[in-house]
Amino acid sequence: GAIGEFNPTDTIPNEDVVVTFSKNGYIKRVKASSFRAQRRGGKGITTAVKDEDEIASILSTKNHNTLLFFTNTGRVFRLPAYEIPEMQRTAKGQPIVQSLALAKDESVSAILDLTNTIGKHLFLISAQGTVKRIDIAEIANIRASGLIVMKPHDGDSLRWVRVTDGTDNILLVSRGGKAIQFDENDVRVMGRAAAGVRGMKVAHGDALIEGCVAGKVAKYIFTVSENGLGKISALEEYREQGRGGSGVKVGATTEKTGSIIGAYTLTEEEKVNNSVIMISKGGQTVRVPLADVRITGRTTQ
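Residues numbered from 1 in each chain as written. Predicted model: local features only at pLDDT ≥ 70, side-chain atom pairs only at ≥ 80, totals over all residues. Heavy atoms only, no water.

Looking now at the nonpolar core. Phe 70, Val 76, Leu 122, Ile 139, Val 149 and Val 161 are the most contacted members of the largest nonpolar core, which has 16 residues in total. Secondary structure elements with two or more residues in this core: strand S5 (66-71), strand S8 (108-113), strand S9 (121-126) and strand S12 (158-164). Broken down by element, the residue count for this core peaks at three residues, all from S12. With residues near it in sequence (within four places) discarded, Val 149 still touches Phe 70, Gly 74, Val 76, Leu 124, Lys 132, Ile 134, Ile 139, Leu 158 and Arg 192. Within the second largest apolar cluster, 15 residues are counted, among which are Val 19, Phe 21, Ala 81 and Ile 96. (Core = buried A, V, L, I, M, F, W, Y, C linked by side-chain atoms within 4.5 Å. Buried < 20%, exposed > 50% of the residue type's maximum accessible area, 1.4 Å probe, protein only. Helix = DSSP H or I, 4+ residues; strand = E, 2+ residues; numbered from the N terminus. Contact = heavy atoms within 4.5 Å.)

Below, the structure written as structure tokens:
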């Protein structure tokens with residue numbers, strides 16, 4: 001380039017990193033090589049959080065990728081990964097408000113890396129089961145002050161944002177162990193300011209814990225409960241329904257298992273080759289190959 005032309009990415013190696021974000025809004029970037037694979041059932045290694053805090057999301061990305069930050073009030077911001085402070089695995093992180101212009105009661109609820117993602121739509125899901133679909137082109141130009149993508153109803157908040165290609169199924173899973181699967185086309189494409197429509201009827205006292213895409217190649221659903229029990233069952237056991245229903249049981253939730261806290265769809269290839277990283281509230285981290293987890297029926301623990 002010409003003298004005086006300077007691009008910060010030229011000086012930053014594009015290495016694999018893990019971005020962790022905590023419930024209280026602390027973010028950090030750690031080299032992926034800091035986490036080694038372990039055997040199933042191990043104790044893990046620690047990744048620190050401040051007292052009374054816990055990890056909310058963990059994202060595997062590269063330094064040059066741009067991350068999108070969606071907030072509970074329905075706004076989106078953008079930030080290159082290399083602008084997130086790089087720290088040791090044992091560091092607490094830096095408050096996200098130092099990087100994004102958040103309002104007083106606004107917090108980040110979803111982080112997305114669109115760099116290698118091919119899709120047409122963003123699928124937005126609220127804590128109370130309201131869903132919305134927008135065209136991905138709507139967020140091409142995000143101002144520093146953020147961009148509105150959804151206006152949640154009072155008392156509700158935007159929680160999950162997924163990318164779909166126009167032919168995917170959506171899977172919503174609740175803490176009490178209910179799941180519903182429906183075609184994304186049950187939800188029409190709307191403008192950025194719309195509130196959305198009902199995706200799942202969530203029982204009183206229950207709440208969604210995951211909204212994910214069940215694409216063409218997804219074969220399995222992997223669920224984890226709060227007491228550390230995990231299981232994989234075949235996605236075909238979850239029949240397709242229309243949106244707005246109450247769903248079917250995703251597993252037996254007992255005192256031994258505790259509530260469901262995570263649910264993810266897997267392809268055959270991911271089941272064989274990928275690992276899952278789990279973090280306890282106290283910061284113990286374990287990475288387990290999914291090949292070690294056996295496949296069981298839909299209603300088992």
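Having seen it, we continue.
Once that is clear, we can look at the pairing of S8. Most of S8 is tucked away, with five of its six residues classed as buried. Summarising the sheet, S5 and S8 pair through five bridges and their orientation is antiparallel. By the bridge assignment for S8, Phe 69 is matched with Ile 111. (Pairing = 2+ DSSP bridges.)

Turning our attention to the sheet that holds strand S1 (residues 16-22). Pairing within the open sheet is antiparallel, and its four strands lie in the order S4-S1-S2-S7. The outermost strands of the open sheet, each flanked by one partner alone, are strand S4 (55-62) and strand S7 (94-95). With two bridges joining them, strand S2 (residues 26-31) and S7 adopt antiparallel strand pairing. Across the sheet, Tyr 26 pairs through a bridge with Pro 95, a residue of S7.

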